[in-house]
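Read off the chains here:
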Amino acid sequence: VQLQASGGGLVQAGGSLRLSCVASGRTFSDLSMGWFRQAPGKEREFVAAISWSGGSTAYAHSVKGRFTISRDNAKNTVYLQMNSLKPEDTAVYYCAAAARDDIRQAAAEEEYDYWGQGTQVTVSS
C-alpha cells in the first residue's frame, strides 16, 4: 500500500487547512485510516482515525472539536479538515493505514501497517 499525503502549508493562527491522503495498492475500503503528527523535538502522536466505512471516528483530546477526519472510498482518499489552528499544531502530519476495521486502539502506532510520507503544517502566531 502506498500512501501519499498532501495539503500542508503555512497558515496563520485561527486559520484552516485540509490535508488529503490518497491510498493505492489495496482496496481502500478494507483499510481503517489514521493521522499522526510529529513536532520538532517531540515524539509522533495520534491525531485522528476513521474506520472502513467512516462510521466510527476517534480523535486526540487536543484536536477534538477543531479537526474532522473523513474519507471518500470512491476516491481512495482520507481527509483531515483542520480548523481554528494553533501554533502548537505545527508539525509534520502523517497518514497511516491499518488492515482492520477496529479503531479502538487507533492511537497506537503499532496498530498501523502502512505509513505515508509526511506533509508539513506550520501555524504562525
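Since this is a predicted model, take the numbers as computed values, not measurements.

A. Expanded view of the nonpolar core. Met33, Trp35, Leu80, Met82 and Tyr93 are the most contacted members of the largest nonpolar core, which totals 37 residues. Elements represented by at least two residues in this core include exactly β1 (2-6), β3 (17-24), β4 (32-38), β5 (45-50), β7 (67-72), β8 (77-82), β9 (91-98) and β11 (119-124). Of the residues forming this core, the biggest block, six residues, is contributed by β9. Setting aside chain neighbours within four positions, we find Met82 in contact with Gly15, Ser16, Leu17, Leu19, Arg66, Phe67, Tyr93 and Val121.

B. Broad picture of the state of the cysteines. Under the defined criterion, the tally for this structure stands at one disulfide. Disulfide pairing is shown between Cys21 and Cys95; the S-S distance is 2.0 Å. Between Cys21 and Cys95, the S-S dihedral sits near 55°, and the bridge is therefore right-handed. Taken together, the positions of Cys21 in strand β3 and Cys95 in strand β9 put the pair 74 residues apart, joining distant regions of the chain. The same class applies to Cys21 as to Cys95, namely buried.

C. Representation of the pairing of β7. Here β7 shows a clear split, with Phe67, Ile69 and Arg71 buried on one side and none of Thr68, Ser70 and Asp72 buried on the other. Looking at chain direction, β7 and β8 are connected through six bridges and run antiparallel. The residue of β8 that forms the bridge with Ile69 is Leu80. Between β7 and the antiparallel strand that follows it, β8, lie four residues; Asn76 among them carries a positive phi value of about 55°.

Rules used throughout
- Along each chain, residues carry numbers from 1 onward, in the same order as the chain's sequence is written.
- The predicted origin of the model limits local features to residues at a pLDDT of at least 70 and limits the giving and counting of side-chain atom pairs to 80 or more, whereas totals for whole chains, interfaces and linings rest on all residues.
- Values shown for side chains rest on all heavy atoms present in the structure; no hydrogens or waters enter the calculation.
- We call a set of buried Ala, Val, Leu, Ile, Met, Phe, Trp, Tyr and Cys residues a nonpolar core when their side-chain atoms join them within 4.5 Å.
- Exposed residues in this analysis have more than 50% of their type's maximum accessible area, buried residues have under 20%, and partly exposed residues fall in between, with area computed by a 1.4 Å probe over protein chains only.
- Secondary structure elements are taken from DSSP: a helix is a run of H or I of four residues or more, a strand is a run of E of two residues or more, and numbering for both begins at the N terminus.
- In this description, contact between two residues means that some pair of their heavy atoms is separated by no more than 4.5 Å.
- Here, the term disulfide refers to a pair of cysteine sulfur atoms separated by no more than 2.5 Å.
- By definition, two strands form a pair when at least two bridges between them are found by DSSP.

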